[in-house]
Amino acid sequence: MTRLLQALVDGAGNGGIYALVALGFVVVFRTTGVLHLALAETGLVGAYTAVVVLDRGLPLAAAVLAGGLTAAALGWLAQRTVLRRALRSDHLVAVLITLGIALVLRAAVALVFGTDERSVRTSLGATTWRVGDITVWELHAVSFVTAVLAVAATAGFLRWTRAGLAGRALTDDEPVARLMGIGAPAASGLAFAVGGGLAAGAALLSAQAGYLGLGTAQLGIHALPALVIGGLMSVRGALLGGLLVGVAEQLAATYIGGELVELTPFALLLAVLVARPAGLFGERRLGRV
Amino acid sequence: MSSPVWSTISSSTARRLAVWAAAAAATLAMLALANDYWLLVANRALVTVVAAAGLAVLAGTAGQLSVAQGAFVAVGGYGAAVAAAELSLPIVPATLAAMAAALVLSLAVGLPALRLDSLYLAVATLALHVALLFLVRQLELTGASTGMRLPLTSIGAWRLDDIADYTVLLLAVSVAVVGAVARLLRARTGRALAATRDRDLAAAALGIDVTRVRLLAFALSAVLGALAGSIDAFASRTITPDTYPLTLSIQLLTVVIVGGLGSLGGTVVAALVLSLVPEALRGLTSALGDVAPRLSEQLLAVQTGIYGLFLALVLVTQPAGLAGGWRWLRARWPGPPATPETSPGLASDRVRADHGPHTTQEGP
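For clarity, every value in this text was computed on a predicted model and none was experimentally measured. (Residues numbered from 1 in each chain as written. Chains lettered and ligands numbered in written order. Predicted model: local features only at pLDDT ≥ 70, side-chain atom pairs only at ≥ 80, totals over all residues. Heavy atoms only, no water.)

(A) Here's a closer look at the overall build of chain B. The helix and strand inventory of chain B stands at 15 helices and four strands. In chain B, once contacts between residues fewer than 6 apart in sequence are set aside, the share between residues at least 24 apart is 74%. Carbon together with sulfur atoms contributes 66% to the accessible area of chain B, which is approximately 17600 Å² in total. (Helix = DSSP H or I, 4+ residues; strand = E, 2+ residues; numbered from the N terminus. Contact = heavy atoms within 4.5 Å. Areas by Shrake-Rupley, 256 points an atom, 1.4 Å probe, with all protein chains shown as cover.)

What follows is the structure, given as structure tokens:
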């Protein structure tokens, strides 16, 4: 029983990180209809920036801010320069451009920082609490809470602010929304920026577990099943999907172990898609004939 | 007044023959003059051509975004290796066995996956690659993490001992494959594929079995990928799980996109050009040597980065890829009237060169 609870707790922590990345994907996808394949890499750049700031001796808060802003700026820049034309015409082309950006960012990181992993040690990663028989890592708690807060904030923003309403209008029917004066480019830029910030947060949190390296960008691959399970456009789905993937992974690691654990997110994805082809909270989109 | 003989050969056919003749002459010259290193490069380029041609059918014409081509290349390589090791098959039956395995796998995966939206298909095919790599690492049959060695082999009496032998083989195979695929795309099947990409509901209304056509494209791409992988494995003589990373699928997709979705010719050119990128990079790093030591350390990452740069650049400036650029050029230099391209898709892009003083007399 203890093992189960421990796995659930750890899984929720990891799941929080996946949820943050998935949320980043959702925010971008909802606003632009594009799967932002460079999201994880953008977050990675942000995380590296934060680490550089930390190295200078500045406090954690400053590092987080610097990292988040860098990633946000990077995302915004990508949208403004490279993706602008493609976003208006062909979404597939835009997705592929983000792929290109992802590869370029990886190369840039490799050139500047090398491919070795950097160890990142802050108090966040080391503190644990004992609750009964279970060990709760402070890191996991923070990840979980951050994910929930981020999701709540995003949902709230979409629901209760004018900008959020504009965003929802864009998602529902872009041509009509634009005719009504809603600026799609600005919204897209913001979406990419927010996505970048979220990804940076996720990458930083993931790094607290010990190290930061090109492998951290694998978060993107882990978050994709979470994203699809939740339903591509659903903010709640991102949270639930992330948590499910995190928990499933941890359960597999505890009870099965070995390399099979890597396949767990995809197996879960398959199971969900068979039952609900649009994901848990997704809606089947009706296509135009 | 044109002579009766020439009048039966249209200008476009004559041009095509000229291009093929030039290509043949160039390749013969290369074979005679090149050293082993460049032949190795050529081999790699030709393997890419075959694998990319398969993907071109699927991604370019049928419009299905598959990230699995690398997986099928792996099936080809490992299938051939296992066939050679366990059953002592020479290259031809081993390749056929590997291609059959790829066919079965593509049908098994394709039937459920191709019904999904293209995004879901991409994720599903990614999962396929991950699962395949995992499987290969676990089984003793496939050499686990250390990989497998392939024996020297032969086709009938022709012993494939040197790199040059494989260059000849690959040249023959790639020409055959590209020719066959081109013919397929011009025929009814090709048009059906294009129709399902453009307007699948309309295609279905016209009586085209969309699922079957997509499955066909998927299977074809898998089989060609396996063909490429198998020959490559025999040529390289050693394969490991690292020979087929996830980035392989992405590189192949890059080739198809840079070439221009829907254009087989563009894909072939892109495959050849992008295969030279690692070589150019290597030359660059040895030239820059001391100035940028990091560059040579991170060669692989930078290589992938350059692919990405190519991809982004091409897509930003000319989303229709090299093929689109070619059409753009042809539009600006009106030469002899161009016979409309018979490749399907992108009808709006067809260029009619103006009928000026260069009009050729066709017919008696």
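Structure shown, so let's carry the discussion forward.
(B) Up close: the overall build of chain A. Scanning chain A for helices and strands turns up 12 helices and four strands. Against the 2.2 N^0.38 benchmark of 19 Å for 289 residues, chain A shows a C-alpha radius of gyration of 19 Å, consistent with a compact globule. Going through the 289 residues of chain A one by one, you find that 52% of them count as buried. Pairs at least 24 residues apart make up 74% of the contacts formed inside chain A by residues separated by at least 6 positions. Accessible surface, chain A as shown: approximately 13100 Å² in total, 65% of it carbon and sulfur. (Rg over C-alpha atoms; globule rule 2.2 N^0.38 Å. Buried < 20%, exposed > 50% of the residue type's maximum accessible area, 1.4 Å probe, protein only.)

(C) Summary view of the packing of aromatic side chains. Residue and element names in this part refer to chain B. One pass over the full model with this rule turns up two aromatic pairs over all chains. Look at Phe 72 and Phe 218: their rings are 5.6 Å apart centre to centre, the planes differ by 80 degrees, and that puts the pair in the edge-to-face class. Of the two residues, Phe 72 is situated in helix H4 (residues 69–87) and Phe 218 in helix H10 (residues 210–236); the sequence distance between them amounts to 146 residues. This pair shows no difference in class: Phe 72 is buried, exactly as Phe 218 is. (Phe/Tyr/Trp six-rings, centres within 6.5 Å; stacked < 30°, edge-to-face > 60°.)

(D) Molecular detail of the environment of B:Tyr78. Residues and elements named next belong to chain B. One can find Tyr 78 in helix H4. Taking the C-alpha atoms as reference, Tyr 78 lies 9.9 Å from Arg 149; in sequence the two are 71 residues apart. Not counting residues up to four positions away in its chain, the partners in contact with Tyr 78 are Val 136, Thr 142, Gly 147, Met 148, Ile 239, Thr 240, Pro 241 and Tyr 244.

(E) Main features of helix H6 (residues 138–160) of chain A. The end-to-end C-alpha distance of H6(A), which contains 23 residues, comes to 32 Å, matching closely the 33 Å that a straight helix rising 1.5 Å per residue would cover. Buried residues of H6(A): A:Glu138, A:Leu139, A:His140, A:Ser143, A:Ala147, A:Ala150, A:Val151, A:Thr154, A:Gly156 and A:Leu158, and no others. (Expected span 1.5 Å × (residues − 1).)

(F) Broad picture of the interface of chain A and chain B. Counting residues at the interface gives 31 residues for chain A and 33 residues for chain B. With both sides pooled, the region where chain A packs onto chain B buries about 2900 Å², and carbon together with sulfur makes up 82% of that total. At the surface where chain A touches chain B, the tally comes to zero salt bridges. In this assembly, chain A and chain B are joined by zero residue pairs in polar contact (both at pLDDT 80 or more). When contributions to the side of chain A that touches chain B are tallied by element, the ones reaching two or more residues are helix H3 (60–88), helix H4 (91–113), helix H10 (219–230) and helix H12 (264–275) of chain A. Broken down by element, the side of chain A that touches chain B gets its largest block of residues, 13 residues, from H4(A). Looking at the side of chain A that touches chain B, its residues break down into 26 nonpolar, three polar and two charged. (Buried area = accessible area lost by both parts, 1.4 Å probe. Salt bridge = Lys/Arg side-chain N within 4 Å of Asp/Glu carboxyl O. Polar contact = N/O pair within 3.5 Å; in protein donor to acceptor, adjacent residues only side chain to side chain. Nonpolar A, V, L, I, M, F, W, Y, C, P; charged D, E, K, R; others polar.)

(G) Inspection of the pairing of strand S2 (residues 128–131) of chain A at higher detail. Residues and elements named next belong to chain A. Examined bridge by bridge, S2 and strand S3 (residues 134–137) share four bridges and lie antiparallel to one another. If you follow Trp 129 over to S3, its bridge partner there is Val 136. The loop that links S2 with its antiparallel partner S3 comprises two residues; one of these, Gly 132, has a positive phi angle of about 65 degrees. (Pairing = 2+ DSSP bridges.)

(H) View of the side chain of A:His36. All names here are of chain A. Within the element layout of this structure, His 36 appears in the loop between helix H1 (2–32) and helix H2 (39–55). By relative accessible area, His 36 is classed as buried at 2%. Dropping the residues within four chain positions of it, His 36 is found in contact with Phe 25, Val 28, Thr 42, Thr 98 and Phe 192.

(I) Here's a closer look at unusual backbone geometry. Residue and element names in this part refer to chain B. With phi around 55 degrees, Ser 88 is a residue other than glycine that occupies positive phi space. The topology assignment puts Ser 88 in the loop between H4 and helix H5 (91–113). The exposed category is assigned to Ser 88, whose relative accessible area is 60%. Positive phi is not limited to glycine here, since Arg 237 has a value of about 70 degrees. With respect to the secondary-structure elements, Arg 237 resides in the loop between H10 and strand S4 (238–239).

(J) Region of the structure containing the pattern of salt bridges. Residue and element names in this part refer to chain A. In this structure the tally under the stated criterion is two salt bridges over all chains. Across the pair Arg 106 and Glu 41 runs a salt bridge whose closest N-O atoms are separated by 2.9 Å. Of this pair, Arg 106 sits in helix H4 while Glu 41 sits in helix H2, placing them 65 residues apart in sequence. Judged by its relative accessible area of 7%, Glu 41 falls in the buried class.

(K) Up close: the environment of A:Ser188. Here A:Ser188 lies in helix H9 (residues 184–208). When the C-alpha positions of A:Ser188 and A:Gly75 are compared, they lie 9.9 Å apart, and in sequence the two are 113 residues distant.

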